[in-house]
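Okay, here's what each chain looks like letter by letter:
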Amino acid sequence: MSEATTCTRCVMNDAADPYIRFDESGVCNYCTDAIEQGEATYFPDEDGAAKLETLIRQLKEQGKGKEFDCLMGLSGGLDSSYLAYLGASQWGLRIAAVHIDDGYDTEISKENIRKLCEKSGIRLVVISPDAQQYNALTLAYMRAGVPNLAVPQDNILFAALYDFARKNSLDTFLSGGNYALECILQVGNTWDPYDLVNLRDIQKRFGASSIDKLPFISRYRMKWDRIVLGQKTIRPLNMLDYNRDRAFDELNEYCGFEYYGRKHLENYLTAFLQLCWLPEKFGVDKRTSHLSSMIVSGQMSRDEALRELSEPMCEEGYLARVKSMLCDNMSICEQELEELIHSPGHQHDEYKTDCLRGIWRKIHG
């Protein structure tokens, strides 16, 4: 096997990515596209401050007579936590935050959420999906051998968000999604979380349990709510100079927020996905996307990113503890888990899919 080619500007490579392209200078299409898109997406300056001021004023005006001004999902990770902190304590917004407790939250994450919400007065709504059905569905995804094990987790979160919005007449979601830390995402080895045709086919083929107690939402229902109810999603972190290290420091000073390791490691299931499932089964190292995003947004040099990539993904023994937790929750033995990890991978479109998947794939590469 030939050595992977790495972009000369960021650290994206072609080790497991058929969608990457390099120009004559060795620069990849990901960072080139991200820089171009940043001009219309990211406003870490006076323009962003003006946009943010207008947004806050509009949210407060729309919230008059209601219990809340807006709604957001709160994972316990940096992006959503920092947005919640700014929204409630700095901007004076009355925020309802929905958190999905799927049984895989780290203790650090649980404490971060508790301390943040108590200090800022955020109304926290915790949704705990049926544990037996949730774990059985996630195991079905593993037995299907597909890359995006987070589909059930993501879909259930948004089903809860949209349901809460409808019941409370809220039309604005605040998202922690942002350009600064997420402007580059590898195409491929993922899937639309709202493709319920795919979800139900995987459950039917590989599931050992009903999913009648789990709430889901389809892409069609989301579009219906947006069109008919006027629901919209806004990314305020794109309207300010969002810096990872500074955000951690501010949160720590504000409520004792603790660092949980790296992006998306606030949850053991997503940790397993990023530290084991994707790299071992599909050859995908998600760190390249995260670090490349920080290079593009000026928060890290390419040399610093390469040094971080040369380090182990996690400390010795951590992954073994995560695997043991998964086995306990899913009622499988370690041998079966290892067999699932090392069996051939499959793509989601090897199973039934939503008829609009082709359009989604064109949009996302």
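Residues numbered from 1 in each chain as written. Predicted model: local features only at pLDDT ≥ 70, side-chain atom pairs only at ≥ 80, totals over all residues. Heavy atoms only, no water.

1. A word on the side chain of S293
So, point 1. Relative to the assigned elements, S293 resides in helix α12 (residues 287-296).
So, point 2. Ignoring any residue separated from it by four or fewer positions in sequence, one finds S293 in contact with A180, L181, E182, C183 and I184. (Helix = DSSP H or I, 4+ residues; strand = E, 2+ residues; numbered from the N terminus. Contact = heavy atoms within 4.5 Å.)

2. What to know about the side chain of H348
So, point 1. When you line up the elements, H348 lands in the loop between α15 (334-342) and α16 (357-363).
So, point 2. Setting aside residues up to four positions removed in sequence, H348 forms contacts with Y141, V146, P147, N148, V151, T190, W191, N198, I202 and T353.

3. A short note on the pairing of strand β3 (residues 123-127)
So, point 1. As paired strands, strand β2 (residues 95-100) and β3 are joined by 5 bridges and run parallel to one another. Paired with A97 across the bridge in β3 is L124.
So, point 2. For the segment spanning β2, helix α4 (residues 107-120) and β3, crossover handedness is right-handed. (Pairing = 2+ DSSP bridges. Right-handed = clockwise from strand over helix to strand, strands pointing away.)

4. Considerations on the nonpolar core
So, point 1. L71, Y141, M142, L199, F216, F272 and W277 are the most contacted members of the largest nonpolar core, which has 60 residues in total.
So, point 2. For this core, the secondary-structure elements that each account for two or more residues are β2, α5 (131-144), α6 (151-167), α8 (196-206), α11 (268-282), α14 (318-330) and α15.
So, point 3. In contact with L199, other than residues within four places in its own chain, are L137, Y141, V151, I211 and F216.
So, point 4. Within the second largest apolar cluster, 57 residues are counted, among which are L59, A180, I234 and L240. (Core = buried A, V, L, I, M, F, W, Y, C linked by side-chain atoms within 4.5 Å. Buried < 20%, exposed > 50% of the residue type's maximum accessible area, 1.4 Å probe, protein only.)

5. A word on the sheet that holds strand β1 (residues 70-73)
So, point 1. Across the sheet, 5 strands lie side by side as β3-β2-β1-β4-β5; this open sheet has parallel pairing. Bordering the open sheet on either side are β3 and β5 (232-234), each of which pairs with just one other strand. For this sheet, the mean inter-axis angle between neighbouring strands, taken without regard to orientation, is 30 degrees.
So, point 2. Contacting β1, β2, β3 and β4 (172-174), α6 crosses the sheet at an angle of about 150 degrees to β2. (Axes fitted to C-alpha atoms, helices over the stretch in contact; angles between N-to-C directions.)

Note that all results are geometric; they support no functional claim without further evidence.
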